[in-house]
Amino acid sequence: MKKKTALLTGVVLACGWGVAPAQAAGHVWVPQNCGDEPTAPAVDVSTVERYNASVDKVSAYQKEARAYNSCVVRSALHEETAISEDAKDRISFVHDSSSAVQKRIAGNFEKLTATLKAGSARLQKAAQ
């Protein structure tokens, strides 16, 4: 029974997910202050002793990988928040600038329309 449990544990521990640096359009994002990503160990199941040693290596790797992954998540969240705040500021600047142009043009239209209307009325009165 102990061998079956060890084998099952080893299989469960060995099954993980592949992790590669995040890439988008040829760029690689690297988390800040997380160190190097742990390298998955080689697993040797040729003998019981090597299998048990592999289980230990995989367990140690999983512990390191989880800690690294947590750091990556924190680093990404921090950077994403900074990007989001910067984007909000930039969007606000563009929106405010666009609104100012729209108000200025609307004001110009009102002044021009009022001037033309007053001029039309004056010219019609003078023509009578």
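Residues numbered from 1 in each chain as written. Predicted model: local features only at pLDDT ≥ 70, side-chain atom pairs only at ≥ 80, totals over all residues. Heavy atoms only, no water.

## Quick look at the overall build of the protein chain
Test applied: Only DSSP runs of H or I with at least four residues qualify as helices, and only runs of E with at least two residues qualify as strands; both kinds are numbered from the N terminus onward. The buried label goes to any residue with under 20% of its type's maximum accessible area, the exposed label to any with over 50%, and the partly exposed label to all in between, with areas taken from a 1.4 Å probe on protein chains only. By the convention used here, residues are in contact when the closest approach between their heavy atoms is within 4.5 Å. Only the protein chains shown count as cover for residues, with accessible areas throughout obtained via the Shrake-Rupley method and a probe of 1.4 Å.
On a plain count of helices and strands, the protein chain comes out with two helices and two strands. Its helices and strands in sequence order give the protein chain the pattern α-β-β-α, from N to C terminus. Counting only residues that meet the buried cut, the protein chain has 13% of its 128 residues in that class. Looking at the protein chain alone, contacts between residues at least 24 apart form 65% of all its contacts between residues at least 6 apart. Element-wise, carbon and sulfur atoms account for 61% of the exposed surface of the protein chain, whose accessible area totals about 10800 Å².

## Some words on the state of the cysteines
Just so we agree on the cut-off: Any pair of cysteine sulfurs within 2.5 Å is marked as a disulfide.
Per the stated rule, a full pass over the model turns up one disulfide. Across the disulfide from C34 sits C71; the S-S distance is 2.0 Å. Sign of the S-S torsion, about -90 degrees for the bond between C34 and C71, identifies this disulfide as left-handed. Here C71 lies in helix α2 (residues 48-127) and C34 lies in the loop between β2 (27-29) and α2, a separation of 37 residues in the sequence.

## Focus: the confidence of the model for the protein chain
As a reminder of what qualifies: One confidence number per residue, pLDDT, is output by the predictor and ranges from 0 to 100.
Looking at the protein chain, the pLDDT average stands at 87 and 81% of residues meet or exceed 70. Between residues 4-19, whose pLDDT stays under 50, and residues either more than four places distant or in other chains, the model counts twelve contacts.

## Topic: a nonpolar patch on the surface
Filter applied, for reference: Each patch groups residues whose relative accessible area exceeds 30% and which form no salt bridge, using 9 Å between like charges and 5 Å between nonpolar side chains of Val, Leu, Ile, Met, Phe, Trp and Tyr. The term salt bridge refers to a side-chain nitrogen of Lys or Arg lying within 4 Å of a carboxyl oxygen of Asp or Glu.
There is a patch of nonpolar side chains on the surface, built from V101, I105, F109 and L112 and spanning about 370 Å² of accessible area. Along the polypeptide, V101 turns up in helix α2.

## Digging into the side chain of S75
Tracing the chain through its elements places S75 in helix α2. Look at S75 and you get buried, because its relative accessible area is 10%. Not counting the four nearest positions on each side in its chain, S75 is found in contact with W29, P31, Q32 and C34.

## A closer look at the pattern of salt bridges
Under the defined criterion, the tally for this structure stands at two salt bridges. Of the charged contacts, one joins D44 and R50 as a salt bridge, the two residues approaching to 3.5 Å between their closest N and O atoms. Residue classification places D44 among the partly exposed positions, given a relative accessible area of 28%. Given the relative accessible area of 47%, R50 is considered partly exposed.

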